[in-house]
Amino acid sequence: MREFFGFGGYNREPEGFMSWQHLVFVSTLVLIMIALAVYLGIKNRGRSDKEKNRVLIWAALLIDGFELFKIVLCCFRSGNPLDWVCNLPLFLCSIQLITIPLAAFSRGRMKEAALDFVLVFGILGALLGTYGAGNNYGAYPVLSFDNVVSGITHCISGFASLYIAISGMASMKRKNIPLSLGILSVFCILAYLANRLLPAFNLNYMFLMRGDGTPYDLLYNLLSGNAVLYPLSVVLLFFLYIFAFTCIFGAVKAKKAQKKAVLDK
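None of these values were measured; they are calculated from a predicted model. (Residues numbered from 1 in each chain as written. Predicted model: local features only at pLDDT ≥ 70, side-chain atom pairs only at ≥ 80, totals over all residues. Heavy atoms only, no water.)

Some thoughts on the overall build of the protein
Looking only at helices and strands, the protein has 10 helices and zero strands in total. Its helices and strands taken in sequence order, the protein reads α-α-α-α-α-α-α-α-α-α from the N to the C terminus. Projected onto its principal axes, the C-alpha coordinates of the protein cover approximately 65 × 45 × 35 Å. Considering only contacts in the protein between residues 6 or more positions apart, those separated by 24 or more positions represent 73%. Carbon and sulfur atoms provide 70% of the accessible area of the protein, an area that totals close to 13900 Å². Seen as two clouds, the 24 positive and the 14 negative side-chain charges of the protein have centres 14 Å apart. (Helix = DSSP H or I, 4+ residues; strand = E, 2+ residues; numbered from the N terminus. Contact = heavy atoms within 4.5 Å. Areas by Shrake-Rupley, 256 points an atom, 1.4 Å probe, with all protein chains shown as cover. Lys, Arg positive; Asp, Glu negative; His and termini not counted. Charge placed at Lys NZ, Arg CZ, Asp CG, Glu CD.)

Written out as structure tokens, the structure reads:
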């Protein structure tokens, strides 16, 4: 148990990023994530919004509970209470720690925007945080506290995204795009300020400073690590992804409506 939780540091050699152990572990989590989302999404599709929302409430409680437990244990494990600074929810995937609870507990337009945000970024975060997490699986053994909790929280984000889509909770209204962009912009600004104002901690929130073994390395290397162009390009990619996802979702939705209209005739 001491080895699993990393007390005194991990003695095992990390199996490595994209090792078969890494791929088997994250694939198992992703399959469970998809199966639960499909089952609960289909089961609740015809039910009331209140009944659909119960699943999101559980997702919100679980993702925040796991993350809070991780922060507390990491601070206790290192003996440095300032370790919480390195575990702030300022990564792209970490935004779901706030947006999933917003989607579950808020109302009106804020709820709509939060649901759309979780839908758009939840599945992307799940894939990047499992298959693309070279920063984690290159540093820690696959079956370790750091990787297991990271895998679970990322897959909860992906589950929420798929569940929202399958159960029919998403609106994806164009008027909510500014709110989604606003949420993302606030987190990007806070992440960049934390990275710059706390250099002693070598922070890399939202991967705005470097790639750290993730797919962001491709962009970092392409721009030769330019301190201005690289973070701006990362944020621009986030914005482009929102617009692309919205357009594709709208096209699919319109095609389904058109097909339904033809069948009704």
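Once the structure has been displayed, the description carries forward.
Thoughts on the packing of helix H5 (residues 108-128) against helix H7 (residues 145-167)
At a minimum axis separation of 7 Å, H5 and H7 run at an interaxial angle of 130°. Considering the angle they form, H5 stands oblique to H7. Judged by the sense of rotation from one axis to the other, the crossing of H5 with H7 is left-handed. Of the residues in H7, those in contact with Leu115, Val118, Leu119, Gly122, Ile123, Gly125 and Ala126 of H5 are His154, Ser157, Gly158, Ala160, Ser161, Leu162, Ile164 and Ala165. Per-class residue counts for the contact of H5 with H7 are nine nonpolar, six polar and no charged. (Axes fitted to C-alpha atoms, helices over the stretch in contact; angles between N-to-C directions. Parallel < 35°, antiparallel > 145°, perpendicular 65-115°, else oblique. Left-handed = near helix turned anticlockwise from the far one by under 90°. Nonpolar A, V, L, I, M, F, W, Y, C, P; charged D, E, K, R; others polar.)

Concerning the side chain of Thr246
Inspection of the secondary structure assignment puts Thr246 in helix H10 (residues 229-264). Take Thr246: its relative accessible area is 6%, and that puts it in the buried class. Those residues in contact with Thr246, other than ones at most four positions away along the chain, are Met172 and Ile177. (Buried < 20%, exposed > 50% of the residue type's maximum accessible area, 1.4 Å probe, protein only.)

With respect to the pattern of salt bridges
For the structure on display, the rule yields five salt bridges. A salt bridge links Glu112 to Lys173; the nearest nitrogen and oxygen atoms lie 3.1 Å apart. Here Glu112, found in helix H5, pairs with Lys173, found in the loop between H7 and helix H8 (177-197); they are 61 residues apart in sequence, far enough to count as distant. Under the relative-accessibility criterion, Lys173 is labelled partly exposed at 36%. (Salt bridge = Lys/Arg side-chain N within 4 Å of Asp/Glu carboxyl O.)

A closer look at the nonpolar core
Counting 61 residues, the largest nonpolar core has Leu56, Leu92, Ile95, Ile164, Leu184, Met206 and Phe238 as the members making the most contacts within it. Going through the elements one at a time, helix H2 (20-44), helix H3 (49-78), helix H4 (96-105), H5, H7, H8, helix H9 (216-222) and H10 are the ones with two or more residues in this core. Those residues in contact with Leu92 that sit more than four places away from it in its chain are Phe121, Leu124, Leu184, Met206, Tyr216 and Phe238. Counting residues in hydrophobic clusters, the runner-up holds five residues, among them Phe5, Tyr10, Leu73 and Val149. (Core = buried A, V, L, I, M, F, W, Y, C linked by side-chain atoms within 4.5 Å.)

Here we look at H8
With 21 residues, H8 extends 30 Å from end C-alpha to end C-alpha; this agrees with the ideal 30 Å at 1.5 Å per step. Among the residues of H8, Ile177, Ser180, Leu181, Ile183, Leu184, Phe187, Cys188, Ala191, Ala194 and Asn195 are the ones counted as buried. Down the axis of H8, the sector holding all buried residues measures 160°, keeping them to one side. Every exposed residue of H8 that faces more than 90 degrees away from the buried side is listed here: Pro178, Ile189 and Leu197. (Expected span 1.5 Å × (residues − 1). Arc of directions from axis to C-beta.)

Looking at the side chain of Ser106
Positionally, Ser106 belongs in the loop between H4 and H5. Side-chain polar atoms of Ser106 contact the backbone oxygen of Leu102, separated by 2.3 Å. (Polar contact = N/O pair within 3.5 Å; in protein donor to acceptor, adjacent residues only side chain to side chain.)

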